[in-house]
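Close look at the chain arrangement
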Amino acid sequence: MVILKLFPVKQDCPMPLCNTTFNMIAAEDVDSVLSAFSKECFVDGQAAYKLEGGTYSIDAGENDIRARYDQDSETVEFICRYKVDLPFYEKKLLAFASKHGISTSIQSTNAS
């Protein structure tokens, strides 16, 4: 089941945030959910792994999209290197979430 909600985008991130957030992901499930995403959605899909600073590499080493987990809200946000690639990754995230029954939120953007 996919649930959509609208929230304002956090403005403290130097790379653009994807609009899609995965919700209700327990801390013990983060690695498996992100690894499944990486393996299913990228040609050289490999297990996701945590980087220095707390973000996760999830795109088979391409370094164009990362994930970060907020344990307090049990959400996973996604950060894209290039704004132009946001629609490409949004499609991948939403398709994966739909396939696996992951609840999502869509953040509103304040871009001009």
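We now turn to the structure provided with this report.

Definitions and cut-offs
The numbering scheme is per chain: residues are counted from 1 as the chain's sequence reads. Per-residue local features are limited, in this predicted model, to residues with pLDDT of at least 70; the limit for side-chain atom pairs, both in listing and counting, is 80 or more; totals at the level of whole chains, interfaces and linings are taken over all residues. Computation of side-chain values covers all heavy atoms of the structure but excludes hydrogens and water. Put simply, DSSP H or I for four residues or longer makes a helix, DSSP E for two residues or longer makes a strand, and each gets a number counted from the N terminus. It only takes one pair of heavy atoms within 4.5 Å for two residues to be counted as in contact. The rule is short: rings of Phe, Tyr and Trp, with Trp giving its six-membered ring, pair when the centres are within 6.5 Å, and they are stacked under 30 degrees, edge-to-face over 60, tilted in between. Here's how the labels work: a residue is buried when its accessible area is under 20% of the maximum for its type, exposed when over 50%, partly exposed in between, all with a 1.4 Å probe on protein chains only. Here a polar contact is recorded for every N or O atom pair within 3.5 Å, except that within protein the pair must consist of a potential hydrogen donor and a potential acceptor, and residues adjacent in sequence are included only if both atoms are side-chain atoms. When DSSP finds at least two bridges between two strands, those strands are taken to pair.

**A word on the overall build of the protein chain**
If you tally the helices and strands in the protein chain, you get 2 helices and 7 strands. Written out in order from the N terminus, the α and β elements of the protein chain read β-β-α-β-β-β-β-α-β. Of all intrachain contacts in the protein chain linking residues separated by at least 6 positions in sequence, the fraction that spans at least 24 positions is 63%.

**Some remarks on the packing of aromatic side chains**
Going through the model one piece at a time under the given rule, you end up with 7 aromatic pairs. Between the aromatic rings of phenylalanine 22 and phenylalanine 96, the centroid separation amounts to 6.2 Å while the plane-to-plane angle is 15 degrees, which identifies the pairing as stacked. Remark: phenylalanine 96 occurs in helix 2 (residues 86-100) and phenylalanine 22 occurs in strand 2 (residues 17-22); sequence separation between them is 74 residues. We note that phenylalanine 22, like phenylalanine 96, is buried.

**Notes on the environment of glutamate 77**
Inspection of the secondary structure puts glutamate 77 in strand 6 (residues 75-80). Sequence separation between glutamate 77 and leucine 17 is 60 residues; the distance between their C-alpha atoms is 7.4 Å. A polar contact is formed between the side chain of glutamate 77 and the side chain of arginine 68, at a distance of 2.8 Å. Of the polar contacts made by the side chain of glutamate 77, one reaches the side chain of glutamine 107; its length is 3.4 Å.

**Section: the pairing of strand 6**
Burial runs high along strand 6: 6 of the 6 residues are buried. Relative to strand 6, strand 2 runs antiparallel, the two being bridged by 3 bridges. Residue threonine 21 lies in a different strand from strand 6, and its bridge partner there is glutamate 77. Sheet analysis places strand 5 (residues 65-70) next to strand 6, joined by 6 bridges and oriented antiparallel. Bridging from a neighbouring strand, arginine 68 pairs with glutamate 77 of strand 6. The hairpin formed by strand 5 and strand 6 contains 4 residues between the paired strands, and glutamate 74 there has a positive phi angle of roughly 55 degrees.

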